Amino acid sequence: MAIAYPHLIGSQKSATETGMILSPSSPSRPPRILTQDELKKIAAYKAVEYVESDMVIGLGTGSTAKHAVDRIGELLRQGKLKNIVGIPTSKVTYDQAKSLGIPLSDLDSHAVLDLAIDGADEVDPYLNLVKGRGGSLLREKMVEGACKKFVVIVDESKLVSNLGCSGLAMPVEVVPFCCKFTAQRLQMLFEEAGCVAKLRTCENGEPFVTDNMNYIVELFFKREIGDLKAASDAILRLPGVVEHGMFLDMATTLIIAGECGVIVKDKEDSGSHRR
């Protein structure tokens, strides 16, 4: 089911207009329901339409961003894009982009990016995000915070009314030193929201290690966390915390692929930051 976002209706495009969702070939054959991965691919391809030759581009991490990186590589091979420089947000994306022949660099060489494309784990009505459940939140925030335009690509399952209320994890990257102590401090910080803090582990029970050799503490909330900016500041004030997965006031454009087609939402249409 599509999630109703009344303030998005005005910018919604029909499936026929997008040309990306197929109509039934005959009355006897019902329309095929697209998989979540197919919806992600639709959103990713739409985002790549913002890419132009000679751009420096932030390359996101995750199952949705992977489609965008693949598409950029394809357009480069076809000669439809030229002189692109990619700034990857993880080692996984670096390896993928390199295998596709995308020229790569870093923030030391390019302090300002033209565009970044990435997915999100949660998106609220004001284009605030939860990202980093794949463990790349620090590099994602560094790269996407340095771009002129940040295009976020999701399927409609990622839309939420309030960040942190999906029952899924809010990731926080922490230094390994006394990580259990840091997790306890984080849990106490959001005690009123019924927070439970857990160290992310691998299948073998060992802590998950980020590209920066840090750990991830996952925060699970039973109730709303309130003012997002205040929550962000409180987390970052704790010694041992490196970064958190709330991306506030960073996205400039949101692309949502759903059953009814593609919705493109720009930041200026989303209203003020939720308090």
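Above this text sits the structure in question.
Computed from a predicted structure; not experimentally measured.

Caption draft 1: Quick peek at the packing of aromatic side chains. On inspection of all chains with the given rule, the structure shows one aromatic pair. Measuring from ring centre to ring centre gives 5.4 Å for Phe190 and Phe221, while their planes differ by 85°; the resulting arrangement is edge-to-face. Residue Phe190 is found in the loop between helix 6 (179-189) and strand 8 (196-199), and its partner Phe221 is found in the loop between strand 9 (215-220) and helix 7 (228-237); the two are separated by 31 residues along the sequence. Using a relative accessible area of 7% as the deciding quantity, one classes Phe190 as buried. Sitting over the ring of Phe247, Lys141 keeps its end group 4.8 Å from the ring centre. A cation over an aromatic ring shows up here: Arg200 above the ring of Phe208, its NZ or CZ 5.3 Å from the ring centre.

Caption draft 2: Spotlight on the side chain of Ser232. Its location among the elements puts Ser232 in helix 7. We classify Ser232 as buried; its relative accessible area is 8%. Here Ser232 is in contact with His244, Met246 and Leu248, once residues within four sequence places are set aside.

Caption draft 3: Structural detail: the sheet that holds strand 5 (residues 129-130). The strand order 4-5-11 describes an open sheet built from three strands, whose pairing is antiparallel. Only two strands of the sheet have a single partner each, and these edge strands are strand 4 (122-123) and strand 11 (246-247). Note that strand 4 and strand 5 share two bridges and pair antiparallel. Its bridge partner lying in strand 5, Glu122 is registered against Val130.

Caption draft 4: Expanded view of the sheet that holds strand 13 (residues 261-266). Spatially, six strands are ordered 2-1-3-6-12-13 in an open sheet, and the strand pairing comes out mixed. Each having just a single partner strand, strand 2 (85-88) and strand 13 make up the two edges of the open sheet. Neighbour-to-neighbour, the strand axes of the sheet open up by a mean angle of 20°, direction not taken into account. In terms of strand pairing, strand 12 (residues 253-258) meets strand 13 through six bridges, oriented antiparallel. Bridging across to strand 13, Leu254 finds its partner in Lys265.

Criteria and thresholds
Residues numbered from 1 in each chain as written. Predicted model: local features only at pLDDT ≥ 70, side-chain atom pairs only at ≥ 80, totals over all residues. Heavy atoms only, no water. Phe/Tyr/Trp six-rings, centres within 6.5 Å; stacked < 30°, edge-to-face > 60°. Helix = DSSP H or I, 4+ residues; strand = E, 2+ residues; numbered from the N terminus. Buried < 20%, exposed > 50% of the residue type's maximum accessible area, 1.4 Å probe, protein only. Lys NZ or Arg CZ within 6 Å of the ring centre and 35° of its normal. Contact = heavy atoms within 4.5 Å. Pairing = 2+ DSSP bridges. Axes fitted to C-alpha atoms, helices over the stretch in contact; angles between N-to-C directions.

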